[in-house]
Amino acid sequence: MLKPDIRDILTMPGDGTEIIVEGWIRTKRESKGVTFLEVNDGSSIRNLQIVIEENLSDYGSMVRDLNTGASITVEGILTDSPGTGQVVELKARKIDMRGAAPADYALQKKRHTLEFLREIAHLRPRTNSFGAVARVRSALSFAIHRYFQERGFIYVHTPIITGSDCEGAGEMFQVTTLPLDQVPLQNGRVDFSQDFFGKRALLTVSGQLEGEAYACALKKIYTFGPTFRAENSNTSRHLAEFWMIEPEMAFCDIHGNMDVAEEFLRYIFRYILENCPNDMDFFNEKISPGLIENLNAIIQSSFQRISYTEAVEQLLKSKASFEFPLSWGVDLQSEHEKFLTEKIYARPVIITDYPKEIKAFYMKMNEDDKTVRAMDILVPRLGEIVGGSERESDYEKLKQRISGYGLNPDDYWWYLELRRFGTVPHSGFGLGFERTMQFVTGMQNIRDVIPFPRTVKSLEF
Ligand code: 4AD
Ligand code: MG
């Protein structure tokens, strides 16, 4: 007998075909002589209605146990549904209770807050919202791979454990097997030579540096993996563990970089609208009204490109009052980023040529000696979702920049060597996967677009 997913059953004709359905009960409705179940198997946001008539053996005792949350297998025939709200329904012939769900099951009929659901991260995928997030997350990952694979980019697996700090921001988790209650010391400092790797090891904040090595051989590469930041930022946009997509392209300058980033974002947004219609309708209706219209507008428009200097001028000219005062040289805060995308330009904005002091050491310096060839992409509601740049490809300049940041060039010897042998202009960017998920689904909090979020002082699951 066929055992189709509910997603597929909902498109089948109600012609009496015998099928088997497996899933979890969402609701039960009893009326005279008949019981209706709504069953969900995760393949779709939509449920299948199961009809149980009282002539089924053990009707009374069985129906009593068929509670919200229980898992069941149902054998039955698919028929056209006379009721409204569904096209087909399954007339049960045989029901097997696989796992009961007693009355203390947390997800009863009422709608729960997202905050409450965060406390039961192991059960929340059984709700409409988190089922939809999981499906869109999967589709978005696929769309990202598809975009790059179709264009000849090579997927590179960069390491998770690293010895170098890519962003130079020092917000890294350490990895060690040293006994923390008895750390070996030498001259008062931790003796990392006794540690697993014989030196200090960290969780990566970005795969970029290793990605550059591969781009300087394979020309177009991308990474897509977990990254870690020990930032003490308790915001709705920061995680300690998040996923990043980092393309890197040789023979490509900052302008080519921006063109790819813009085309890429439009491609993945369109992919989700075309391939996740039911889930996107749900987000549009229940989570973020206007979402689909906004995404469509973005797919059709081009992004605004301005320099950091122009951005600061526009913000100062607006006379808006900000919590963080602004002047040339300071980093843009999310309130500034949102004001630019929402109020001034009403679309995504790419900001280029930031002051060198507020950006990483690897970015190519402009002729003015003050700004670097950075490019950040900001979107309404969230601010920054992409950070990228053209890289410094000159050996001497890069070495000076590393020292200028108080870093030791010896630690970056292999990264510097890429500039000694066949160096080439190259560029890339990093897209925050969860911020993209927030943007696509309209979910407000980044903790709700990753299955088990890791944030400051929070590691329950
Ligand atoms: O701007 P960032 O720090 O850039 C880099 O890491 C570069 N190495 C990328 C590159 O050029 N290859 O981070 C890139 C993006 C940000 O724009 C943001 O979307 C996301 O990563 N991001 C975070 N997302 C969630 N939680 C955090 N703590 C994040 N920090 C950065
Ligand atoms: Mg950034």
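Residues numbered from 1 in each chain as written. Chains lettered and ligands numbered in written order. Predicted model: local features only at pLDDT ≥ 70, side-chain atom pairs only at ≥ 80, totals over all residues. Heavy atoms only, no water.

A. Summary view of the nonpolar core. The biggest cluster of nonpolar side chains holds 89 residues, and the ones touching the most others in it are Ile52, Ile268 and Met280. Counting residues per element, this core draws most heavily on helix α6 (residues 254-275), at twelve residues. Sequence-distant contacts of Met280, defined by excluding residues within four places in its chain, comprise Ile272, Leu273, Leu291, Ile292, Leu295 and Val440. One finds Leu209, Tyr308, Ala374 and Leu378 within the second-largest nonpolar core, a separate group that totals 32 residues. (Core = buried A, V, L, I, M, F, W, Y, C linked by side-chain atoms within 4.5 Å. Buried < 20%, exposed > 50% of the residue type's maximum accessible area, 1.4 Å probe, protein only. Helix = DSSP H or I, 4+ residues; strand = E, 2+ residues; numbered from the N terminus. Contact = heavy atoms within 4.5 Å.)

B. Structural context of the site of ligand 1. Surrounding ligand 1, one finds 24 residues, the nearest of these being Glu167, Gln208, Arg229, Glu246 and Glu384. Between a nitrogen atom of ligand 1 and a side-chain N or O atom of Glu231, the distance comes to 2.8 Å. One nitrogen or oxygen atom from the side chain of Glu246 is found 2.7 Å from a nitrogen atom belonging to ligand 1. Taking 630 Å² as the accessible area of ligand 1 by itself, protein coverage stands at 93%. Breaking the shell around ligand 1 down by element, the ones donating at least two residues are β13 (241-250), β17 (383-390) and β18 (426-432). (Near = heavy atom within 4 Å. Polar contact = N/O pair within 3.5 Å; in protein donor to acceptor, adjacent residues only side chain to side chain. Areas by Shrake-Rupley, 256 points an atom, 1.4 Å probe, with all protein chains shown as cover.)

C. Looking closely at the packing of α6 against helix α8 (residues 291-300). Relative orientation of the contacting elements α6 and α8 amounts to 140 degrees, with a least axis distance of 9 Å. As summarised for this structure, α6 and α8 are arranged oblique, according to the angle between their axes. Judged by the twist between their axes, the crossing of α6 over α8 is left-handed. For the pair α6 and α8, the contacting residues are Arg266, Phe269, Arg270 and Leu273 in the first and Ile292, Leu295, Asn296, Ile298 and Ile299 in the second. Broken down by class, the residue content of the contact of α6 with α8 amounts to six nonpolar, one polar and two charged. (Axes fitted to C-alpha atoms, helices over the stretch in contact; angles between N-to-C directions. Parallel < 35°, antiparallel > 145°, perpendicular 65-115°, else oblique. Left-handed = near helix turned anticlockwise from the far one by under 90°. Nonpolar A, V, L, I, M, F, W, Y, C, P; charged D, E, K, R; others polar.)

D. Quick peek at helix α9 (residues 308-317). Among the residues of α9, those classed as buried are Tyr308, Ala311, Val312 and Leu315. When α9 is viewed along its axis, its buried side chains cluster within an angular range of 95 degrees and face the same direction. What points out from α9, more than 90 degrees from its buried face, is the exposed set Glu313 and Lys317. Of the surrounding secondary structure, the elements contacted by the buried residues of α9 are β14 (304-307), α10 (334-344) and β15 (349-355). (Arc of directions from axis to C-beta.)

E. Fine view of the state of the cysteines. One pass over the full model with this rule turns up zero disulfides. The closest cysteine sulfur to the non-disulfide-bonded Cys216 is located on Cys252, 12 Å from its own sulfur. (Disulfide = S-S within 2.5 Å.)

F. Representation of the sheet that holds strand β1 (residues 15-31) within the structure. With respect to topology, five strands assemble into a closed barrel ordered β1-β2-β3-β5-β4, the strand pairing being mixed. Adjacent strand axes in the sheet meet at a mean angle of 50 degrees when their direction is disregarded. With ten bridges joining them, strand β4 (residues 71-80) and strand β5 (residues 88-99) adopt antiparallel strand pairing. Bridge pairing links Ile77 to Lys91 in β5. (Pairing = 2+ DSSP bridges.)

G. Broad picture of the sheet that holds strand β11 (residues 201-203). A sheet is described by the order of its strands in space; here three strands give the open sequence β7-β11-β8, paired in antiparallel fashion. Strands with a single pairing partner mark the edges of an open sheet, and in this sheet they are β7 (161-162) and β8 (174-175). Relative to β11, β8 runs antiparallel, the two sharing two bridges. Residue pairing across strands places Val175 opposite Ala201, the latter belonging to β11.

H. Structural detail: unusual backbone geometry. For Asp369, which is not glycine, the phi torsion reads 65 degrees and is therefore positive. Considering the arrangement of structural elements, one finds Asp369 in the loop between β15 and β16 (371-379). Unlike most non-glycine residues, Lys457 shows phi in positive territory, near 60 degrees. For Lys457, the location among the structural elements is in the segment after α13 (433-441).

I. Seen up close, the side chain of Glu212. Note that Glu212 resides in helix α5 (residues 208-218). Accessibility expressed as a relative area gives 0% for Glu212, which makes it buried. Those residues in contact with Glu212, other than ones at most four positions away along the chain, are Glu248, Arg391, Tyr415, Leu418, Arg419 and His426.

J. View of the side chain of Thr223. Relative to the helices and strands, Thr223 is located in strand β12 (residues 220-228). According to the relative accessible area criterion, Thr223 is buried, its value standing at 4%. Beyond its immediate chain neighbours, meaning those up to four positions away, Thr223 contacts Tyr155, Val156, Thr158, Gly207, Met244, Ile245 and Glu246.

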